[in-house]
Amino acid sequence: MTVGGVTATNSTTPVKAFSQQVIQQGATGQDVIELQARLQYLGFYNGKIDGVFGWGTYWALRNFQYEFGMEVDGLAGPTTKQKLVKASKYDKQYVQNQLNAGNKFTYYGGTPTENQTEQTGNSETNNRQGDNQTTTPPQPTAVNVPAGFSQNDIKLMSNAVYGEARGEPYEGKVAVAAVILNRVESPTFPNTVSGVIFEPRAFTAVADGQIWLTPDDSARRAVLDALNGWDPTGGAIYYFNPDTATSKWIWSRPQIKRIGKHIFSM
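Residues numbered from 1 in each chain as written. Predicted model: local features only at pLDDT ≥ 70, side-chain atom pairs only at ≥ 80, totals over all residues. Heavy atoms only, no water.

1. Quick word on the overall build of the chain
Next, step 1: Along the backbone of the chain there are 10 helices and nine strands.
Next, step 2: Buried residues in the chain amount to 44% of all 266 residues.
Next, step 3: Here the contacts in the chain between residues at least 6 apart in sequence split such that 52% fall between residues at least 24 apart.
Next, step 4: Here the chain displays about 13600 Å² of accessible surface, and carbon together with sulfur accounts for 48% of that area. (Helix = DSSP H or I, 4+ residues; strand = E, 2+ residues; numbered from the N terminus. Buried < 20%, exposed > 50% of the residue type's maximum accessible area, 1.4 Å probe, protein only. Contact = heavy atoms within 4.5 Å. Areas by Shrake-Rupley, 256 points an atom, 1.4 Å probe, with all protein chains shown as cover.)

2. Here we look at the pairing of strand E9 (residues 262–265)
Look at any regular strand and the pattern is simple: side chains alternate between the two faces of the sheet.
Next, step 1: Of the two faces of E9, the one lined by His 262 and Phe 264 and the one lined by Ile 263 and Ser 265 are each fully buried.
Next, step 2: Pairing of strand E8 (residues 255–259) with E9, which is carried by four bridges, proceeds in the antiparallel orientation. Following the sheet pairing, Ile 259 is matched in E9 by His 262.
Next, step 3: Between E8 and E9, which pair antiparallel one after the other, the connecting turn spans two residues, and Gly 260 there sits at a positive phi close to 60 degrees. (Pairing = 2+ DSSP bridges.)

3. Re the environment of Gln 20
Next, step 1: Tracing the backbone through its elements, the reader meets Gln 20 in the loop between strand E2 (6–7) and helix H1 (30–41).
Next, step 2: Residue Gln 20 is classed as exposed on the basis of its relative accessible area of 55%.
Next, step 3: Each C-alpha atom of the pair Gln 20 and Gly 77 lies 8.6 Å from the other, and the pair is 57 residues apart in sequence.

4. Side note on the pattern of salt bridges
Next, step 1: By the definition in use, this model includes three salt bridges.
Next, step 2: Notably, a salt bridge pairs Arg 38 with Glu 34, separated by 3.0 Å at the nearest N-O pair. Taken together, the residues Arg 38 and Glu 34, both in helix H1 and four residues apart, mark about one turn of the helix.
Next, step 3: The residue Arg 221 makes a salt bridge to Asp 217 at a minimum N-O spacing of 3.0 Å. Here the residue Arg 221 and the residue Asp 217 both occupy positions in helix H9 (residues 217–227), the gap between them amounting to four residues, near one helical turn.
Next, step 4: The class of Asp 217 is exposed, set by a relative accessible area of 52%. (Salt bridge = Lys/Arg side-chain N within 4 Å of Asp/Glu carboxyl O.)

5. Examining the sheet that holds E9
Next, step 1: One open sheet accounts for three strands, arranged E7-E9-E8; its pairing is antiparallel. In the strand order of this sheet, the two ends are held by strand E7 (238–240) and E8, each with one partner. Across the sheet, the mean angle separating the axes of adjacent strands is 25 degrees when strand polarity is ignored.
Next, step 2: Of the strands in this sheet, E7, E8 and E9 are in contact with helix H6 (residues 170–185), which crosses E9 at around 30 degrees. (Axes fitted to C-alpha atoms, helices over the stretch in contact; angles between N-to-C directions.)

6. Focus on the side chain of Thr 80
Next, step 1: With respect to the helices and strands, the residue Thr 80 is situated in helix H3 (residues 78–87).
Next, step 2: A polar contact of 3.1 Å, which involves the side chain of Thr 80, links it to the side chain of Gln 65.
Next, step 3: Once you skip the residues sitting within four places of it in the chain, Thr 80 turns out to touch Leu 61, Phe 64, Gln 65, Met 70 and Leu 75. (Polar contact = N/O pair within 3.5 Å; in protein donor to acceptor, adjacent residues only side chain to side chain.)

7. Structural notes on the nonpolar core
Nonpolar side chains in soluble globular proteins tend to end up buried together.
Next, step 1: Counting residues in each nonpolar core, the largest one holds 38 residues, and the members touching the most others are Met 157, Ile 180, Ile 197, Val 223, Leu 227 and Phe 264.
Next, step 2: Mapped onto this core, the elements with two or more residues apiece are helix H5 (151–165), H6, helix H7 (193–197), H9, E7 and E9.
Next, step 3: Per element, the largest residue contribution to this core is eight residues, and it comes from H6.
Next, step 4: Within the second largest apolar cluster, 18 residues are counted, among which are Ala 17, Val 32, Tyr 45 and Ala 76. (Core = buried A, V, L, I, M, F, W, Y, C linked by side-chain atoms within 4.5 Å.)

8. Let's talk about H9
Next, step 1: Along H9, the positions that sit buried rather than exposed are Ser 218, Ala 219, Ala 222, Val 223, Leu 224, Ala 226 and Leu 227.
Next, step 2: Buried-residue contacts for H9 involve H5 and H6.
Next, step 3: Gly 229 sits one or two positions beyond H9 and adopts a positive phi of about 110 degrees.

9. Here we look at the packing of H5 against H9
Next, step 1: In contact at an axis separation of 8 Å, H5 and H9 are set at 120 degrees when each is read in the N-to-C sense. In this view, H5 runs oblique relative to H9, as classed from their interaxial angle. In the crossing of H5 with H9, the sense of the turn from one axis to the other is right-handed. Residues Gln 151, Ile 154, Met 157, Ser 158, Val 161 and Tyr 162 of H5 form the contact with H9, whose participating residues are Ala 219, Arg 220, Val 223, Leu 224 and Leu 227. (Parallel < 35°, antiparallel > 145°, perpendicular 65-115°, else oblique. Left-handed = near helix turned anticlockwise from the far one by under 90°.)

See below:
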């Protein structure tokens, strides 16, 4: 049968979006714009919608595939595109109008369209489906966060810290956030917050679903402290609970210190 112009054998629902190409890293154009918009709609991609399939798009796609129980290969083939179409919405005309106007997307989906873009030019008028609408760009939130990290990064890290360390002392929560940041900086791990957190088998909270619990203020403050330079671990990229750890490999790592119930290591 044909799925979105692509012949497939294990599918029953046609993809009514995208083109027939398998979208992969290095691709450019309308398919990539749609891919980025759908991933951003679902909260996996927080970069700029620019139609360029770079590393940010690649890791966002892998995280989507992992969370939806698919083969994690970073390729948007028929099955992945079908799942994206089913799980998200895509207003092609609206997205294209915003791009043509030179607007930078900040969070497509999950919020009224008038709050989904940030004006980059002098015009205050966006055209949507041929109608003129005057919109006021959202005011930025004042947060002491180093450049390179977004509000989505803070939210995702807060979820991870709460899921992994909500019973730990405050220093232990900051330590877990610091490990995430240390991994982002390490060449051994993905170079984005979402890539690190959703890397397969990396965090228990992702595996058991506790990543989606609502974090408290303590978790968020711990993330901000870590983002602003506090690393109680001294550069650790791993941690584990010695009372429950069963992996011989994790015990072999050079240990730095213990904070609460966790041992932090290199």
